[in-house]
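Spelled out from the first residue to the last, the chains are:
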Amino acid sequence: MVRLTDAEQAMCDGAQGPAVAKAMDLLIRYAEALGAESFVETNNVAGVPGSSTPWLKQYYADQGGDYRAVFSHFDLDSDETVDVPRMNAFSCHLQGGMDPELWREQGMTEAAHDNFVADEKDVAAHGIQVLKTCTPYIAGNVPVMGEHCAWMESSAVVFCNSVIGGRTNCEGRESTSAAMLAKRIPDWGFHRDEFRRGQHSAQVQVQVDDVFEWGMLGYWTGGTVDDTIPVLEGQIGAPSLIRHKHFGAAAASSGGVEMYHMVGITPEAPSAEAAFGGARRGERFVYDAAARKRTWESLNSVGSSRDVDFIMLGCPHYSIEQIAEAAHLIEGRKVHANTQLWVFTSRAVKATADACGHTRVLQEAGAYLMTDTCSAISQAVPKGTRVAGFDSAKQTHYLPAIMGIEGWYGTLSECIDAACTSRWEGRLS
Amino acid sequence: MSSEVIEREPDIVFIGRRVVGGIAEGEALVTRETISGWGGVNAMTGTVIENRHELKGVSFAGKILVFPGAKGSSGWSGVFHMTRLAGTAPLAMLFNVMTTKAALGAVVTRVPTLTDFDRDPLDCIETGDRVRVDGDAGTVKVWKARSS
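What you see is a predicted model, and the numbers here were worked out from it, not measured in a lab. (Residues numbered from 1 in each chain as written. Chains lettered and ligands numbered in written order. Predicted model: local features only at pLDDT ≥ 70, side-chain atom pairs only at ≥ 80, totals over all residues. Heavy atoms only, no water.)

1. Looking at the layout of surface pockets
All names here are of chain A.
Okay, step 1: In this structure, the second largest pocket occupies an estimated 250 Å³ of space.
Okay, step 2: Lining the second largest pocket are 14 residues, with Asp210, Val211, Phe212, Ile242 and Glu325 sitting closest to its centre.
Okay, step 3: Secondary structure elements with two or more residues in the lining of the second largest pocket: helix H8 (211–225), helix H9 (241–254) and helix H12 (320–330).
Okay, step 4: Here the lining of the second largest pocket gets 3 residues from one element, more than from any other, and that element is H12.
Okay, step 5: Class assignment for the residues of the lining of the second largest pocket results in 5 nonpolar, 4 polar and 5 charged.
Okay, step 6: The residue makeup of the lining of the second largest pocket includes at least three contributed by each of domain 2 (197–298) and domain 3 (300–421). (1 Å grid on protein atoms, 1.4 Å probe; cavity = no way out; pocket = protein on both sides within 12 Å on 5 of 7 lines; lining within 4 Å. Points joined across faces, edges and corners; volume = space filled by probe spheres on them. Helix = DSSP H or I, 4+ residues; strand = E, 2+ residues; numbered from the N terminus. Nonpolar A, V, L, I, M, F, W, Y, C, P; charged D, E, K, R; others polar. Domains from an automatic or database assignment.)

2. Thoughts on H9 of chain A
All names here are of chain A.
Okay, step 1: With 14 residues, H9 should reach 20 Å at 1.5 Å per residue; the first-to-last C-alpha distance of 20 Å fits that figure.
Okay, step 2: When you tally the buried positions in H9, you get 11 out of 14 residues, the bulk of the element.
Okay, step 3: By the burial criterion, the buried members of H9 are Ile242, His244, Lys245, His246, Phe247, Gly248, Ala249, Ala250, Ala251, Ala252 and Ser253.
Okay, step 4: One or two steps after H9, the chain reaches Gly256, where phi turns positive at roughly 90°. (Expected span 1.5 Å × (residues − 1). Buried < 20%, exposed > 50% of the residue type's maximum accessible area, 1.4 Å probe, protein only.)

3. Focus on the environment of Glu32 of chain A
Okay, step 1: Counting through the fold element by element, Glu32 of chain A comes out in helix H2 (residues 18–34).
Okay, step 2: Taking the C-alpha atoms as reference points, Glu32 of chain A and Met1 of chain A, separated by 31 residues in sequence, lie 6.4 Å from one another.

4. Things to note about helix H6 (residues 154–164) of chain A
Okay, step 1: Of all 11 residues in H6 of chain A, 10 are buried; the element is thus mostly enclosed.
Okay, step 2: Considered for burial, the residues of H6 of chain A that qualify are Ser154, Ser155, Ala156, Val157, Val158, Phe159, Cys160, Asn161, Ser162 and Ile164 of chain A.

5. Considerations on the pattern of salt bridges
Oppositely charged side chains can pair when the atoms bearing their charge come close.
Okay, step 1: Taken as a whole and judged by the stated rule, the model has 39 salt bridges over all chains.
Okay, step 2: Note that Arg184 of chain A is salt-bridged to Glu41 of chain A, the shortest N-O span being 3.9 Å. With Arg184 of chain A in strand S5 (residues 184–186) and Glu41 of chain A in strand S1 (residues 39–41), the pair connects residues that are 143 residues apart, well separated along the chain.
Okay, step 3: The salt bridge partner of Glu258 of chain A is Lys101 of chain B, with a shortest N-O separation of 3.6 Å. With one member in each of two chains, Glu258 of chain A in the loop between H9 and strand S8 (261–262) and Lys101 of chain B in helix H2 (residues 100–109) form a pair that bridges those chains. One exposure class covers both Glu258 of chain A and Lys101 of chain B, and it is buried.
Okay, step 4: One salt-bridge network, held together by shared partners, links Asp25, Arg29, Asp77 and Asp79 of chain A together with Arg84 and Arg110 of chain B. (Salt bridge = Lys/Arg side-chain N within 4 Å of Asp/Glu carboxyl O.)

6. A look at the packing of aromatic side chains
Okay, step 1: Counting across every chain of the model gives 19 aromatic pairs over all chains.
Okay, step 2: Summarising the aromatic geometry, the rings of Tyr59 of chain A and Tyr60 of chain A are spaced 5.0 Å apart at their centres and angled 90° between planes, so their arrangement reads as edge-to-face.
Okay, step 3: The exposure class assigned to Tyr59 of chain A is partly exposed, which follows from its relative accessible area of 37%.
Okay, step 4: Residue class for Tyr60 of chain A comes out buried when judged on its relative accessible area of 6%.
Okay, step 5: Through a chain of ring-to-ring contacts, the aromatic side chains of Phe60, Phe67, Trp76, Phe80 and Phe95 of chain B assemble into a single cluster. (Phe/Tyr/Trp six-rings, centres within 6.5 Å; stacked < 30°, edge-to-face > 60°.)

In structure tokens:
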């Protein structure tokens with residue numbers, strides 16, 4: 001049985017209104033399912049509160065079919081419709097379903113856009129920050145080490161735990177929506193010291209230096225350790241935000257890694273001993289030239305035609321540094337008539353890209369800088385796409401499977417060249 | 001809840017820890033592969049859609065789903081939640097590895113669910129066996145479809 005503090009019991013008893021009581025009811029059921037004994041307080045929650053498809057609104061038509069109905073019955077898993085107040089925790093909306101301006105280019109209908117506009121209005125009215133990104137940590141929500149968070153989005157979760165030393169499990173829509181109201185999440189998993197210790201050792205025996213190489217190492221790591229916590233050591237080059245972002249997203253998609261340690265690099269791994277919380281344990285895996293080659297071949301196994309009609313960048317959402325680099329590489333060139341280039345980022349980062357002139361450079365080249373979503377989330381690709389190219393191992397993992405297309409994995413430079421020539425010339429050097 | 005009275009004693013009885021209470025009885029669908037929610041299941045049909053999954057194309061609607069655990073996107077609970085609304089949810093779930101995805105998913109799917117067993121359900125239940133899950137008592141009773 002989960003122990004409640006007096007304040008938590010009062011929330012259950014309705015001291016903060018019926019929606020908070022429903023949120024506590026769900027969180028208690030969730031904590032008991034996990035086997036958690038208590039809650040931690042959180043004031044940093046990221047989810048997709050109340051956003052819904054027209055199907056879900058129609059399903060709750062007899063309850064009003066509106067944001068209130070969806071939030072009550074779906075987000076809070078309540079059998080009654082309750083008034084939903086302003087959220088109590090610092091709450092952020094993660095990625096959404098379409099670009100607010102380029103939705104027609106993404107193939108969205110007028111009706112879907114109307115639904116999107118209505119939902120966003122309700123999200124903002126409930127005090128939820130409209131970040132609309134899978135990278136909240138570069139769009140205005142940067143946790144600090146030791147901070148208890150309740151986040152969805154596997155690539156953000158692994159970044160928060162591993163790179164920052166923040167503490168979050170891979171939460172779901174219902175638990176994050178409830179946490180936004182109750183400011184509580186079960187004290188289980190990554191909130192607890194003993195759970196954060198390394199479980200397997202990974203020796204990196206080939207130099208891993210750029211985003212492309214970090215992405216491949218991440219993809220190999222997830223495929224090797226599944227959802228356990230790896231401790232990586234060896235020839236890992238200088239770390240950066242972008243490198244971690246691509247490593248973690250890849251590891252989370254190929255295997256479900258929610259936390260990793262890199263000895264001498266990540267904050268909870270000043271030494272191997274610290275990372276393991278004692279002696280090394282688990283298995284010892286090796287990433288060498290052969291493993292690197294196998295990883296590249298696996299990522300590129302769904303591509304046979306080199307005639308590329310779509311290049312998708314921005315998974316996870318591009319940082320300003322990446323947009324600047326893409327704009328620099330394409331300046332003075334044109335996207336080929338047979339190819340489209342879509343670059344995805346958050347609205348916050350796009351505002352900076354607009355100010356810097358990067359958006360204009362991309363537009364003049366015939367590319368689009370889009371926000372809020374990505375091809376996988378919104379299942380949006382240019383009409384007739386058969387072969388796509390990516391600089392993200394995560395998107396290479398998901399999009400071809402979701403859309404039934406071919407896909408290639410390469411460097412940003414290879415992607416820009418392919419966008420301008422319509423030919424994929426990616427090679428493993 | 002019990003849809004059929006079985007006269008004979010169960011072939012196997014074991015216990016687990018309650019994840020979600022309630023009682024359900026039905027035919028087992030067993031997989032040794034973890035299940036992805038978002039991108040891995042079509043909620044409208046309860047069908048596994050993940051490429052290369054051994055259950056690809058098979059629906060768990062109305063079955064006792066026996067699986068190692070959840071994997072993949074944080075959208076797991078949302079997709080299983082949708083199966084309840086669409087009427088395609090499993091009757092009950094038995095899984096070995098506890099994760100936040102599987103715990104929250106089971107809670108919002110609202111079907112009897114157990115974990116932490118005293119023997120591995122993957123070793124003693126096969127697809128087609130009749131299974132009775134008592135989420136409140138923490139018991140699993142199995143009637144083998146064919147004698148081993």
